[in-house]
Amino acid sequence: ATVYIHPFAAFLIAAHLWMYLWFRRESRFRGALRYPRPYAWTLVLLIVACSPEIWQDAAIMFSDTVRPQATAWIPIPSWNWPLVNAGDYFMWRKLGYAVLLLAALPAIFRALTETQLRIGFQWMLIVAVCFWILPWVISLTVKPITVARYTTPGLLVIILLMAVAATTLQALPRQLYMMVLFALTVYPLWGYYTGVDKDPWRQHAQYLAERVKPGDRIVAYPDVADVAQEYYLPPGVRSQ
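Just so it is clear, the structure is predicted and the values come from calculations on it, not from any experiment.

In this section: the environment of Gln203. Among the structural elements, Gln203 can be located in helix α11 (residues 201–209). Overall, the relative accessible area of 51% leaves Gln203 in the exposed class. Between the C-alpha atom of Gln203 and that of Tyr232, which follows or precedes it by 29 residues, the distance is 9.3 Å.

Now for the side chain of Arg110. In this fold, Arg110 is placed in helix α7 (residues 93–113). Since its relative accessible area comes to 16%, Arg110 is described here as buried.

The next thing to look at is the confidence of the model for the protein chain. On average, residues of the protein chain carry a pLDDT of 82, and 95% of them reach 70 or more. Averaged pLDDT values for the elements of the protein chain fall to 71 in helix α3 (residues 30–34) and rise to 89 in helix α8 (residues 118–141).

A separate point is the packing of helix α6 (residues 81–88) against α7. Between α6 and α7, whose axes approach to 7 Å, the crossing angle comes to 95°. Relative to α7, α6 is oriented roughly perpendicular. Listed contacts from α7 to Leu83, Val84, Ala86, Gly87 and Asp88 of α6 are Arg93, Gly96, Tyr97 and Leu100.

Now for the packing of aromatic side chains. Throughout the structure, instances matching the rule amount to six aromatic pairs. When the centroid spacing of 6.3 Å and the interplanar angle of 35° are considered together, the rings of Tyr89 and Trp132 count as tilted. Of this pair, Tyr89 sits in the loop between α6 and α7 while Trp132 sits in helix α8, and the two are 43 residues apart along the sequence. A single burial state applies to Tyr89 and to Trp132, both of which are buried.

Here Phe29 lies in the loop between α2 (9–23) and α3. Given a relative accessible area of 32%, Phe29 falls into the partly exposed group.

The next point concerns the side chain of Gln229. With respect to the secondary-structure elements, Gln229 resides in helix α12 (residues 225–232). A polar contact is formed between the side chain of Gln229 and the side chain of His204, at a distance of 2.9 Å. Sequence-distant contacts of Gln229, that is, excluding residues within four places in its chain, are made with Trp201, His204, Leu208, Ile218 and Ala220.

A few words now on the pattern of salt bridges. A side chain of one charge can pair with a side chain of the opposite charge if their charged atoms are brought near each other. Across all of its chains, the model carries three salt bridges by this definition. Of the charged contacts, one joins Arg211 and Glu210 as a salt bridge, the two residues approaching to 3.4 Å between their closest N and O atoms.

Remark: α11 packs on α12, axes separated minimally by 9 Å, with the N-to-C direction vectors making an angle of 70°. Our classification of the angle between α11 and α12 gives roughly perpendicular. Helix-helix and strand crossings are classified by hand; for α11 and α12 the assignment is right-handed. Counted together, Trp201, Arg202, His204, Ala205 and Leu208 of α11 and Ala225, Ala228, Gln229 and Tyr232 of α12 form the full contact between these two elements. Partitioned by chemical class, the residues of the contact of α11 with α12 number six nonpolar, two polar and one charged.

What follows concerns the nonpolar core. Across soluble globular proteins, you tend to see nonpolar side chains buried next to one another. With 34 residues, the main nonpolar core has Phe121, Ile158, Leu161 and Met162 as its most contacted residues. Breaking this core down by element, the ones donating at least two residues are α2, α7, α8, α9 (155–168) and α10 (171–194). Per-element accounting of this core gives the leading share, nine residues, to α8.

What counts, and at which threshold
Going along each chain's sequence as written, the residues are numbered from 1 onward. In keeping with the model being predicted, local features are shown solely for residues with a pLDDT of at least 70 and side-chain atom pairs are shown and tallied solely at 80 or more, while totals for entire chains, interfaces and linings include all residues. Here the side-chain values reflect all heavy atoms present in the structure, with hydrogen atoms and water set aside. By the criteria applied, helices consist of DSSP H or I runs no shorter than four residues and strands consist of E runs no shorter than two, each listed in order from the N terminus. Accessible area is worked out with a 1.4 Å probe on protein chains only. A residue is then buried under 20% of its type maximum, exposed over 50%, and partly exposed in between. Per-residue confidence from the prediction method is given by pLDDT, with values spanning 0 to 100. To define axes, lines are fitted to C-alpha atoms, for helices over the stretch in contact only, and angles between the resulting N-to-C directions are given on a 0 to 180 degree scale. Roughly parallel here means an angle under 35 degrees, roughly antiparallel means over 145, roughly perpendicular means 65 to 115, and every remaining angle is called oblique. By definition, residues are in contact when any of their heavy atoms lie within 4.5 Å. To pair, rings of Phe, Tyr and Trp, with the six-membered ring standing in for Trp, must have centres within 6.5 Å; the planes then decide the type, stacked if under 30 degrees apart, edge-to-face if over 60, and tilted in the middle. Any N or O atom pair separated by 3.5 Å or less is treated as a polar contact, with the protein-specific requirement of one donor-capable and one acceptor-capable atom, and with residues adjacent in sequence counted only for side-chain atom pairs. Criterion for a salt bridge: a side-chain nitrogen of Lys or Arg within 4 Å of a carboxyl oxygen of Asp or Glu. Throughout, a crossing is termed right-handed when the near helix is turned clockwise from the far one, and left-handed when it is turned anticlockwise from it by less than a right angle. Three classes are used: nonpolar for Ala, Val, Leu, Ile, Met, Phe, Trp, Tyr, Cys and Pro, charged for Asp, Glu, Lys and Arg, and polar for all others, with Gly counted as polar. The nonpolar core is taken to be a set of buried Ala, Val, Leu, Ile, Met, Phe, Trp, Tyr and Cys residues, with the residues joined through side-chain atoms within 4.5 Å.

Encoded structure:
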């Protein structure tokens, strides 16, 4: 279902395959190494079931590489895009970097001192690479595909880092730590919900409806604005 919803599902499948190859020799996952046939058949059936979508995505990828169309609006990412993308999850990069720093330092310290957590950190590394690094590398080498909202599964890594960091502290420091993280996370919401950062389509449609005459042609730029404009214009104006 995910493959048919969005092309970035390919990175989800890549994460599953990498996890199987990486952890198959772990003692708690010996069944994966001893009985690999169910995993292999699952992959084969997945490819067969998703072959129409895979074929279509490959055709679009090839056509866009030769003649950019569908993804021409996506810019080439910068060299620090993975870090910037992680900071953008908090809607204000400076606060996002502060949260990352507050979460990463205790978590890394705990990973170095507690061996039983290393499997969890390896799992988080796989998720981060598949949803942050792979799209970034493809965008730099093949064609731009990196869009922040498409990498949302990678947000799970930050949430788990915050959880590990919080459980590292004692009761009182942990409460203060969580209050700081909560404040840093909630503060940008005020600007998001109160700031003027939404396109005023209703006002736009009213402005046009009062001024256009039958036979006038309305040209929308960029092209994607045509859909929203047609939706908000009154039916009588649209038909004329």
